[in-house]
Amino acid sequence: LTMAQVGGLNESDEERLLWGNYFSNDEPTEQHAALNLELLRYASSEPARAHTPERVLHSGCAVPVQYMDLVAACAALPLKLERKPQLVLPLIHLVVHRLLLAHPSLPPASAPDINCVRERLCASRLHARLLGWPTLTPMRELKSHNIGRFVALTGNVVRVSNMRPHVTSLQFECARCKCTETVYIQDGKYSAPATCGAGTCRAKALALVRSNARMADWQKIRLQELPSEDAAEAGRVPRTVDVELSFDLVDVCMPGDTVTISGTIKAESVEEHGGGRGASKQQKTIWCLYVDANSVAIAKNARSASEGGAAAASASNSRTASDRDAHFSPGELQMIREIRNEPEVFKLLVNSLSPGIFGHELVKAGLALSLFGGTPRPVRGKGGRARSDPHMLIVGDPGMGKSQMLNFLSTVAPRGVYVCGNTCSSTGLTVTVVRDPTSGDFALEAGALVLADRGICCIDEFDKMSPPEHQALLEAMEQQRISVAKAGIVCSLPARASVIAAANPVGGHYNRAKTVAENLKMSAPILSRFDLIFILLDAPDATKDRLLSRHVMAMHGAGRGGGARGAMQKAVALAKEQWANQPGHEDWEASRPLAERLVVSDNDFDPLPSKLLRRYIEYARAYVQPRLSDEACALLKQFYLQLRGAHRGSGCGAITTRQLESLMRLSEARAKLELLEEVSAEHVQDVIDIMRESLYYDHMADLSMQVVASGGWASGGAGGGLGIGNRTNAGGGTGSVAGLSKTKLSKRFLDLLEQFANCKGS
């Protein structure tokens, strides 16, 4: 076949040049002609003609081609592309290239071109980037029968190598007649010409002209599969696959990104290091699969990419992609709308978190706020953004359900990573610099915090971590980035994740005569990073123990009547029936503590499914950005000043603006939970109730030392008028010295004696 039969254009030098760019070692065949006729229908479509030569040259010679546009014009082409990508892909590049050369904005070949657009376009090699491939192939199905097929994969980028030049063609020169011959390199392999092919020369001495070698940017990344909810995959080591990026795809992703890769599965021969018993390297050969990428689409939401297909994750291949790339089906939007219209959305979502754990409503409320997060806001004069992801620490006695709540949280979060403190290292949490065995260069390998970017990182057994591991978290928790200065690599990786940690006290049980830092043996800087610190105490209580035992028996199918939750529902329903018509009932209902208002009282309560809850959280994080109202700002300011005033002279850790920023983040998360664009005073009041039950209020602000407006001291019970009076703490126990060590208690007692004497003397 001639060029005119295959290309549909007149045979010319320009056409031969284009054919050589994409089919260097092939001649036109009937199969090329049949595929070309199909692609001409796509070339005549409106989406194909929307690209301009100037824009393509500015974007690095990359032309995005949507899968749906290709199917609309050529219905049978995707199946041929999946089975024979090495034949169809270069032909798509060629058709798109010829279409741009025929663009009306380009002058004819014989006309002068001031900007040399036509000349630059002819000399370039275009790449049609296929986006929106509908079928995602799991990594467990990447086997030998997939070699040579076009697939789409989704996973986390865990390793990125340095960019290196890759030779695409070499030029050899004959020493006798000075004729040159070009050899194109495919998959890293080439054969040098044995003799000169010019006329009757047939000389065998051909020299390599290194200065005329053509090169392209090349990079290798490692892709790790996303966590699977399949029970059969539990306990398996996550599968990985290497991906080769070239040309404009280099440096479009970094460790921690969730990407969708479309490309061709290839195999390369690698000698087995060490061999077997008595076996030589020539007798032992293994084949490693890798992906030759055609397109890279960054999806900021891992779950949407894995459940909604590649089309949900392939909106763009640039670093500017945001959470708004997530796509929602009409059915999902309808379910989100129904959840939003529930009368008590906060109660529904809180009780849908780890429904197998009885009680702990305020702790679950804090977890729910951490899932939604606040609103990112720029920092004035710094060019960055303030932290919007709240951190939370749960400290408690064994058997309180901390690990189960963290496990559930990591599965329901749109992007969640679960690690255990006694089996992780500081580099495993942040980032590791490793040496690539093939190239010898150093590469970055992402840790847990980088993989959890824009998500949740759950750290269990937080107290089992060593001090160096805690220090590695300081920058990530406050600055939300991880700085690396190792092996000549100096860079910063994003770690915009909420850290949810659970810890056990030293000795097994929490000692109320010690501070949290003394109970956990942690430094104050790491504790000050947490927005909320909850203490769960296993205090004996006959009523609570009876309800808890009924709940556990019902969970295992050995109880009747719905367990403890059913008993509480019946009691609450009976109380409502008796007191609903009494005067002042509505005021009493509104003034109830948040912990009581969050208790489920409906007999037919059904928690939200994990998948639906995940999509609701994903929608809120992507589309809702609430702002503080004037009433909310005033209430936050008033509560913060009360904290500062009550703290003055207590001798404990300082109340700083970090606590004010924590209140703002949690208030925005409270409004985002209801898909509202404005934070109201009621939202702030709920956050204040949560803060009062957390450790920051119990340990710093409400130490039973109450300053009266007149400057005197309120009389306490056990303190004898010194303001050390007793109160009931969040754990259910009583005592005025909760959270204070004996040394600090003595110092505080002497300070109060001196201040009390000064007040009496004046």
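Residues numbered from 1 in each chain as written. Predicted model: local features only at pLDDT ≥ 70, side-chain atom pairs only at ≥ 80, totals over all residues. Heavy atoms only, no water.

Student: Explain the overall build of the protein chain to me, please; I cannot follow it from the model alone.
Tutor: The helix and strand inventory of the protein chain stands at 28 helices and 23 strands. Taking all 762 residues of the protein chain together, 49% fall into the buried category. Partitioning the contacts of the protein chain with sequence separation of at least 6, the portion at a separation of at least 24 is 73%. Carbon and sulfur atoms make up 52% of the accessible area of the protein chain, which totals about 37000 Å². (Helix = DSSP H or I, 4+ residues; strand = E, 2+ residues; numbered from the N terminus. Buried < 20%, exposed > 50% of the residue type's maximum accessible area, 1.4 Å probe, protein only. Contact = heavy atoms within 4.5 Å. Areas by Shrake-Rupley, 256 points an atom, 1.4 Å probe, with all protein chains shown as cover.)

Student: Looking at this structure, I do not really get the sheet that holds strand β21 (residues 532-536). What am I missing?
Tutor: Neighbouring strands of a sheet are bound in pairs by backbone hydrogen bonds; such pairs are parallel or else antiparallel. Taken in spatial order, the five strands make up an open sheet running β14-β17-β20-β13-β21, and their pairing is parallel. Each end of this open sheet is capped by a strand with a single partner; those strands are β14 (416-420) and β21. For this sheet the average axis-to-axis angle between neighbouring strands, irrespective of direction, equals 15°. (Pairing = 2+ DSSP bridges. Axes fitted to C-alpha atoms, helices over the stretch in contact; angles between N-to-C directions.)

Student: Could you clarify how one ought to interpret the pairing of β21 in this entry?
Tutor: Regular strands have side chains that alternate between both faces of the sheet. Counting buried positions over the five residues of β21 gives five, a clear majority of the element. Here β21 shows a buried face lined by Leu532, Phe534 and Leu536 and a second buried face lined by Ile533 and Ile535. Two strands pair when backbone bridges link them, and strand β13 (residues 392-396) and β21 are joined in this way by five bridges, in the parallel orientation. Following the sheet pairing, Val395 is matched in β21 by Ile535.

Student: Would you explain unusual backbone geometry in this entry?
Tutor: With the exception of glycine, the majority of residues adopt a negative phi angle, and the majority of peptide bonds are in the trans configuration. Positive phi outside glycine occurs at Asp251, with the angle close to 65°. Its location among the elements puts Asp251 in the loop between β8 (240-246) and β9 (258-271). Residue Asp251 is classed as exposed on the basis of its relative accessible area, which comes to 51%. If you check the backbone angles, Leu675 has positive phi at about 60° while not being a glycine. On the accessibility criterion, Leu675 (17% relative accessible area) is buried.

Student: For this particular structure, what's the right way to read the state of the cysteines?
Tutor: Formally, a disulfide is one covalent bond, and it connects the sulfur atom of one cysteine to the sulfur atom of another. Taken as a whole and judged by the stated rule, the model has zero disulfides. Cys177 provides the cysteine sulfur closest to Cys179, a residue in no disulfide bond, and the two sulfurs are 3.4 Å apart. (Disulfide = S-S within 2.5 Å.)

Student: Just checking my understanding: could you explain helix α16 (residues 467-478) for this structure?
Tutor: Structural remark: α-helix, 3.6 residues per turn; residues separated by three or four positions point the same way. The first and last C-alpha atoms of α16 sit 17 Å apart over 12 residues, in line with the 16 Å expected at 1.5 Å per residue. Along α16, the residues that are buried comprise Glu469, His470, Leu473, Ala476, Met477 and Glu478. Projected down its long axis, α16 carries its buried residues within an arc of 160°, all on one side. In α16, the exposed residues that point more than 90 degrees away from the buried face are Pro467, Pro468 and Gln471. (Expected span 1.5 Å × (residues − 1). Arc of directions from axis to C-beta.)

Student: Which parts of the structure should I look at to understand the pattern of salt bridges?
Tutor: A pair can form between side chains of opposite charge whenever their charged atoms are brought close. Overall, the coordinates contain 21 salt bridges when judged by the stated rule. Close ionic contact of Asp389 with Arg621 constitutes a salt bridge, the shortest N to O distance being 3.9 Å. Placement of the pair is Asp389 in the loop between β12 (385-386) and β13 and Arg621 in helix α23 (residues 610-623), with a sequence separation of 232 residues. Here the two residues Asp389 and Arg621 agree in accessibility, since each one is buried. When salt bridges with common partners are traced through the structure, they connect Arg387, Glu478, Asp531, Arg658 and Arg665 into a single cluster. (Salt bridge = Lys/Arg side-chain N within 4 Å of Asp/Glu carboxyl O.)

Student: When you look at the environment of Pro390 in this model, what are you seeing that I'm missing?
Tutor: Of note, Pro390 is situated in the loop between β12 and β13. When the C-alpha positions of Pro390 and Ser662 are compared, they lie 7.0 Å apart, and in sequence the two are 272 residues distant. When neighbours within four sequence positions are excluded, Pro390 is seen to be in contact with Leu369, Ser370, Gly373, Gly374, Ser498, Val499, Asp531, Arg665 and Leu666.

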